[in-house]
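# Working through the structure, step by step
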Amino acid sequence: MTPTQSLRGLAMGKLIQNHIIDTGRSQREVSDAGGIDPASLSRFLNGTRKLPDGDLSVLAWAVGLTSRETRRALVDINHDHDEPEWWISDTTTPLADAITTVIRSLTTTTTSFSPHTIPTDLTPHRRPAKPIAGQYLIGRAALDRLRHGNQAAHDQAQCLYRHAASDRITIRLVDEHDHIHPFQLLVLNGGYKTVKVDILDTTLYLDDINRFQAVIETLKQRAVNVTDSLAVLGNLATYFADKVSA
């Protein structure tokens with residue numbers, strides 16, 4: 001991991017890179033068209049440096065991001081390039097959907113803790129359907145919340161068991177813990193790590209991951225092992241299948 005990378009830098013670089021690909025032009029052609037040094041553009045796309053406001057605005061225009069609001073939003077993100085926190089609201093943050101999409105596309109693995117609800121990635125009708133690979137620590141309380149005997153509970157139980165039996169996903173069940181809020185520790189391309197915390201319609205990304213890593217280690221020590229967790233989920237899936245077919 002390059003020391004000067006930041007989450008904002010990685011997200012902006014990926015967003016612009018996607019638009020460069022959409023234009024059908026090469027990176028060199030875009031740098032020439034915008035009058036931007038090719039090496040500076042390369043480092044920007046890799047998330048390791050900022051661009052001057054004027055260069056960024058010209059670059060955005062060159063790749064088809066022509067609205068004033070979009071270019072202003074990119075400049076604002078660029079100003080906060082190295083800030084350790086990033087609040088993204090679905091309703092008030094410009095480019096929120098695009099930012100969320102590119103961060104997800106950059107994510108290689110997750111360690112997720114969800115004490116009271118099933119993680120969204122592991123629900124039956126999740127879109128995109130393919131969850132992020134990694135380890136999911138799920139509270140037993142989340143399973144207790146499934147309503148007995150209905151089709152939704154059946155579908156959810158089958159979904160959990162299918163994911164737990166796959167090569168990409170590990171599910172371990174966890175009893176009560178002092179840390180009650182769900183979070184994810186994401187590992188992005190190149191090894192960059194950030195914590196994602198969802199709060200209603202807002203997502204908080206944190207660069208300070210140490211406290212959350214400590215929580216994860218404690219959870220892993222207390223969690224049911226992988227084999228026994230899979231057995232519990234298998235029994236649950238069978239139970240609901242029998243209830244629905246009865």
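Below is a summary of the structure that appears in this document.

The rules behind these values
- Position labels on residues start from 1 in each chain and follow its written sequence.
- With the structure being a predicted model, the display of local features is reserved for residues of pLDDT at least 70 and the display and counting of side-chain atom pairs for 80 or more, all residues being used for whole-chain, interface and lining totals.
- To obtain the side-chain values, all non-hydrogen atoms of the structure were used and water was disregarded.
- Pairing between strands requires that DSSP locate at least two bridges from one strand to the other.
- The helix and strand labels rest on DSSP assignments: H or I over at least four residues marks a helix, E over at least two residues marks a strand, and numbering proceeds from the N terminus.
- Note on geometry: axes are C-alpha line fits, over the in-contact stretch for helices, and angles between N-to-C directions span 0 to 180 degrees.
- Only residues above 30% relative accessible area that lack a salt bridge enter a patch, with like-charged residues linked at up to 9 Å and the nonpolar side chains Val, Leu, Ile, Met, Phe, Trp and Tyr linked at up to 5 Å.
- Reported accessibility uses the Shrake-Rupley method at a 1.4 Å probe radius. Residues are deemed covered only where the shown protein chains occlude them.
- The salt bridge criterion pairs a side-chain nitrogen of Lys or Arg with a carboxyl oxygen of Asp or Glu, the two atoms within 4 Å.
- Each residue is assigned to one of three classes by its accessible area relative to the maximum for its type, calculated with a 1.4 Å probe on protein chains only: buried under 20%, partly exposed between the two thresholds, exposed over 50%.

### Section: the sheet that holds strand β7 (residues 202-206)
Within the open sheet, the seven strands sit side by side as β1-β7-β6-β5-β2-β3-β4. Their pairing is mixed. Two strands bound the open sheet, and with one partner strand each, they are β1 (85-89) and β4 (169-174). Neighbour-to-neighbour, the strand axes of the sheet open up by a mean angle of 20°, direction not taken into account. Sheet topology note: the strand β3 (residues 134-139)/β4 ladder contains six bridges and is parallel. The residue bridging Leu137 from the neighbouring strand is Arg172, located in β4.

### Let's talk about a nonpolar patch on the surface
Together, Trp87, Ile199 and Leu200 make up a nonpolar patch on the protein surface, roughly 380 Å² of accessible area in all. Here Ile199 lies in strand β6 (residues 193-199). We classify Ile199 as partly exposed; its relative accessible area is 35%.

### Observations regarding the pattern of salt bridges
One pass over the full model with this rule turns up five salt bridges. A salt bridge links Arg104 to Asp121, with the shortest nitrogen-to-oxygen separation between them at 3.1 Å. Here Arg104 is found in helix α6 (residues 96-106), whereas its partner Asp121 is found in the loop between β2 (107-114) and β3, with 17 residues between them in sequence. Taking the shortest distance from any N to any O, the salt bridge between Arg140 and Asp175 comes out at 2.8 Å.

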